[in-house]
Amino acid sequence: MKILIIGAGGRLGTALMRAYRDKYDLIGFKRSHLDLGKFERLRINLETLSFDVLINAAAYTNVDHCEETPPLAFKLNADAPGLMAEVCAQKKSKFIHFSTDYVFDGEKREPYVEEDVANPISVYGASKKAGEEKVLAAQDRHLVVRVSWVFGPDRPSFIDQVIARARENEEVSAIADKFSAPALSDDIAEMLPQFFDVDLPGGLLHYCNTGQCSWQEYAQHALDCCHEFGIPLQAKTVAPLQLADMENFLARRPVYSVLSNDKYTALAGKPPRPWRDAVADYIKTSYSKK
């Protein structure tokens, strides 16, 4: 099977490349290789390549920058995936596109299912919602996987920033009134191949590690794991911040954007592992030797 990954240099794309390099005929495009904003070049590149599955792990993900540059956000997060989806439909190849929990407004207080109406409250969320619609309109076998709070060993994320601050300071803080669920990039890479068959139904699919937490709870668990594994930190606890007090945020964030794994669990036959286990495994593997 020939797999093409766009966004191969990002946090998720690097995890996919590492997981699949010994299993598939694999091609990866990093940002330096392929400019998603140059549509004609993008189309030519995709049309001249032979592949069974195209995975798009690239996106314009800086939520506040998107608020300042809406045309660029929609170009990269909606129009480019739409073009990829059209080419894949013409080639009868499977297209798998990653989206986000930020397509929801956060007003719900129980996990969002795939059938819930997307109602984004930021330019980033709106651009990703538009991308979902373009992808699914191109071919009903295409798959859009919504993920949240992706972390992993290949690019620093929130959890790494917290640990870095805790190494240098006795006090660290994180937002206590915003809730979602982390998703380990390696776990995403491991679960995805079961959906590579082009004849499998497409549509929307939610995936994250099981459970839910606030940023403060997520950060506190990371610090607890570091102390358990003997990783030296100055800070032991994470103080609470309020989302409303984050004056440096330009874009609105959904207060509650936990994704339900029920559909994934029914398809895969088992749920993703709990987020606490995934975080502990990541910290033990990535930090114990540092």
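Residues numbered from 1 in each chain as written. Predicted model: local features only at pLDDT ≥ 70, side-chain atom pairs only at ≥ 80, totals over all residues. Heavy atoms only, no water.

(A) Just the packing of helix 6 (residues 158–168) against helix 8 (residues 215–228), in detail. Two numbers describe how helix 6 lies on helix 8: the axes approach to 10 Å, and their chain directions differ by 60 degrees. Relative to helix 8, the element helix 6 is oriented oblique. Of the two possible hands of crossing, helix 6 and helix 8 adopt the one that is right-handed. Between helix 6 and helix 8, the contacting residues are Phe158, Ile159, Val162, Ile163 and Ala166 on the first element and Trp215, Tyr218, Ala219, Ala222, Leu223 and Cys226 on the second. Grouping the constituent residues of the contact of helix 6 with helix 8 by class yields 11 nonpolar, no polar and no charged. (Axes fitted to C-alpha atoms, helices over the stretch in contact; angles between N-to-C directions. Helix = DSSP H or I, 4+ residues; strand = E, 2+ residues; numbered from the N terminus. Parallel < 35°, antiparallel > 145°, perpendicular 65-115°, else oblique. Left-handed = near helix turned anticlockwise from the far one by under 90°. Contact = heavy atoms within 4.5 Å. Nonpolar A, V, L, I, M, F, W, Y, C, P; charged D, E, K, R; others polar.)

(B) Structural view of the packing of helix 4 (residues 70–91) against helix 5 (residues 123–138). At a minimum axis separation of 8 Å, helix 4 and helix 5 run at an interaxial angle of 15 degrees. Judged by the angle between their axes, helix 4 and helix 5 are roughly parallel. Relative to helix 5, the crossing made by helix 4 is right-handed. From helix 4, Pro70, Ala73, Phe74, Asn77, Ala78, Asp79, Pro81, Gly82, Ala85, Glu86 and Ala89 reach across to helix 5, where they touch Val123, Tyr124, Ala126, Ser127, Lys128, Ala130, Gly131, Lys134, Val135 and Ala138. A class-by-class count of the residues in the contact of helix 4 with helix 5 yields 13 nonpolar, 4 polar and 4 charged.

(C) Up close: the nonpolar core. By size, the foremost hydrophobic cluster in this structure holds 60 residues, and its most contacted members are Ile6 and Ile283. With sequence-adjacent residues up to four places away left out, Ile283 is seen in contact with Ile159, Ile163, Ala222, Cys225, Cys226, Phe229, Ile231 and Ser288. Of all hydrophobic cores here, the second largest spans 33 residues; its members include Val150, Tyr256, Leu259 and Tyr264. (Core = buried A, V, L, I, M, F, W, Y, C linked by side-chain atoms within 4.5 Å. Buried < 20%, exposed > 50% of the residue type's maximum accessible area, 1.4 Å probe, protein only.)

(D) Spatial organisation of the pattern of salt bridges. Applying the stated criterion across every chain yields a total of 12 salt bridges. Taking the shortest distance from any N to any O, the salt bridge between Asp186 and Arg18 comes out at 2.5 Å. Of this pair, Asp186 sits in helix 7 (residues 185–191) while Arg18 is found in helix 1 (residues 11–20), placing the two residues 168 residues apart along the sequence. Via salt bridges that share partners, Arg18, Asp154 and Asp186 belong to a single interconnected network. (Salt bridge = Lys/Arg side-chain N within 4 Å of Asp/Glu carboxyl O.)

(E) Region of interest: the environment of Ile231. Among the structural elements, Ile231 can be located in the loop between helix 8 and strand 12 (238–241). Setting aside its immediate chain neighbours within four residues, Ile231 contacts Arg167, Cys226, Ile283, Tyr287 and Ser288.

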